[in-house]
Structures are given as structure tokens and as C-alpha cells.
Amino acid sequence: MKKNVSIKKKVLIVILIIILVGGIVIKSNLNHKNNPKQENVLLKEEKENKPIIKPVEKPYSLQTKTFNLNHHLKKYKNEAISIDIDYIDNNLVYGSILNTKDDSILFTTLYLFQYNIKTDEYKEFKYNKGRIFDYYIIENNIYYISEKIENDIYHWQLIKSDLSFETHQQLDSGTIKNDMNSPRILYDNKDNELYIVTIKNEENSQFSNFYKVKNERLELLETFKENHDTKKGQFIDNMLYVTLHNEKIYYIKIENYERNEIMKYNVKKKIKR
């Protein structure tokens, strides 16, 4: 009899425990439904407590290089000097230092200079023998146009020389009536070829010639002429506008003193349009 009573007590205790646990669960669910923001607050606090991972900052630096050409040329600032930038080839700047006092018309070329933008290396090539109007330096050689005036006529020479101007060879020469017709030296960087465009006045005729330079020899590519008296023929207008691009020489041609055309001459195919 006592045994049955003991069993009934155990069963009753188990039932009470189940009821108690169930009540706690139900109350918890009711509290969650009545406080929907509670979970969000807990999640927010959890996130705030986590360490913030910052992106790695990559260090950077701004590098500048000073253009020091003015520094190399400042020694001429108090003299009667004109300094010209003639052309730029890759990282090399080429220019002329001119005396404007001794010859007020043509000026006198005292030096040519070469300045390397990357290395800041500066070189001067002393000339002081007249005026160099156009030139191009290839390795240790220079091709240049020198000019002088006699009786209001401009006399030009195309010369190949070393950079000391001690060893030189004349390749061509001629006369023109003004310096606007001075020969042009054109270099093709793509094929490493050198070309010369010249104008020559002979009595009443004017000849325009295109040459390809092969060391000390000139290969004639194209020629045309005009007559000042009859106003017939063809001539180049303003040699300053003559340019070379993609194996083509571009120039302005005047025909019979009436028709103006922009022309291109293909130096490979020897065809003009």
C-alpha cells in the first residue's frame, strides 16, 4: 500500500515539473511577441562589440622631376642671346643658342644643345660659324642647313658633319630669295630614314626637290619647277609647313600662281596626291 502511494507522489512531481517548464516556455514566447525589438537590440549590441576591420591603406607617393634645362642655360641670361627649342626626339630636347647682336638679320648660331629630360644630362656643340637654320642629329653625325646672305640673296648649304663640326662634307647647295624657302630636314622615326626638301632659284625659275639621304648621297625622289616670268608651273608655298608623317610628305603647292592645293607625297611608292 505504501509502495503505491510512493509511486503516485513521483508521478505527481514529474507532472508539476512539466507544467512549470511549459509555463516558463510559454511566458518566454509571450514576452518575445510583446517585445519584437529586443532581438534586434541584442544583435546590434553583438555587432557593436565585434572589432571593426578597417581596409588596409596602401601607401602612395607623388614623384616629380624638375625640368632643369633653365638651370643649364641661365649663364646666357645677361647676354644678347636668343634660345630656341628646335625639336624633341624621345626624351631628348634639341635647341639653338643664337647671338642676336653680330648679325641682326640671320643671327649667329653659337651652340646647339642636347638635353635629356630623364637623366638631366646636358651637352653643348660649339659652332659659331654662321647660322644653322635646320638640322638633325643621328648618333655622332649631324645633317644641317647653313645660310649666309650676299647681295640680298640667301645662299644655303646642306652639310654632313661630326658633332665637333671639324669634319664636314657638303651634300648640296643653292640660292633662295628669302628665308621662308629655306630647306627642310625631315626624319622618319619609324624607318630611321632622313629626307630633305629644297628650293633652288636659278635665274627666273624655281625648282622644288625631294631627296632621300643615304649617308653622303642624295637620291632624288620628286622635282617640279615654276617660272616667275610666265607665272607657269608649280612651287611650294611656305617651307615651314612641310611635314613628314607615316611615310608621307605633306606640303602646300601653288600651281600657275592661281590654284592652291594641299599635297601628300608617298616617299616609298613615289606617288603624290
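Check the entry above for the structure.
Residues numbered from 1 in each chain as written. Predicted model: local features only at pLDDT ≥ 70, side-chain atom pairs only at ≥ 80, totals over all residues. Heavy atoms only, no water.

1. Regarding the sheet that holds strand β3 (residues 108–116)
Working step 1: Within the open sheet, the 4 strands sit side by side as β1-β2-β3-β4. Their pairing is antiparallel. The sheet terminates laterally at β1 (81–89) and β4 (122–126), the two strands that pair on one side only. If you compare each strand with its neighbour and ignore which way they point, the axes differ by 20° on average.
Working step 2: As defined by bridge partners, β3 adjoins β4 across 5 bridges and the pair is classed as antiparallel. Bridge assignment links Y111 to a residue of β4, and that residue is K126. (Pairing = 2+ DSSP bridges. Helix = DSSP H or I, 4+ residues; strand = E, 2+ residues; numbered from the N terminus. Axes fitted to C-alpha atoms, helices over the stretch in contact; angles between N-to-C directions.)

2. Some thoughts on the packing of aromatic side chains
Working step 1: Under the definition given, this model contains 14 aromatic pairs.
Working step 2: With 6.3 Å between their ring centres and 80° between their planes, F210 and F224 make a pair best called edge-to-face. With F210 in strand β11 (residues 205–214) and F224 in strand β12 (residues 217–227), this pair connects stretches of sequence that are 14 residues apart.
Working step 3: Accessibility expressed as a relative area gives 0% for F210, which makes it buried.
Working step 4: Geometrically, the ring pair formed by F235 and Y257 is tilted, given 5.3 Å between the ring centres and 50° between the ring planes. Residue F235 is located in strand β13 (residues 232–236), and its partner Y257 is located in the loop between β15 (248–255) and β16 (259–266); the two are separated by 22 residues in the primary sequence.
Working step 5: You can call F235 buried: its relative accessible area is 12%.
Working step 6: Members of the aromatic cluster, joined through ring pairs, are Y87, Y94, Y135, Y136 and Y187. (Phe/Tyr/Trp six-rings, centres within 6.5 Å; stacked < 30°, edge-to-face > 60°. Buried < 20%, exposed > 50% of the residue type's maximum accessible area, 1.4 Å probe, protein only.)

3. So, the nonpolar core
Working step 1: Counting residues in hydrophobic clusters, the biggest one holds 44 residues, and the most contacted among them are Y135, F210, I236, I249 and Y251.
Working step 2: By residue number, the principal contributor to this core is strand β10 (residues 193–202), which donates 5 residues.
Working step 3: Among residues more than four places away in sequence, those in contact with F210 are I196, V197, E219, L220, L221, E222, F224, I236, I249, Y251 and Y265.
Working step 4: Core analysis: the next-biggest nonpolar cluster, separate from the first, contains 10 residues, L69, L73, V93 and F113 among them. (Core = buried A, V, L, I, M, F, W, Y, C linked by side-chain atoms within 4.5 Å. Contact = heavy atoms within 4.5 Å.)

4. So, the sheet that holds strand β7 (residues 153–162)
Working step 1: Overall, antiparallel pairing links the 4 strands, which are arranged β5-β6-β7-β8 in an open sheet. Two strands in the sheet have a free side with no partner beyond their single neighbour: β5 (131–138) and β8 (168–176). Averaged over all pairs of adjacent strands, the angle between their axes in this sheet comes to 15°, without regard to strand direction.
Working step 2: Sheet analysis places β7 next to β8, joined by 8 bridges and oriented antiparallel. Its bridge partner being in β8, K160 is matched across the sheet by Q169.

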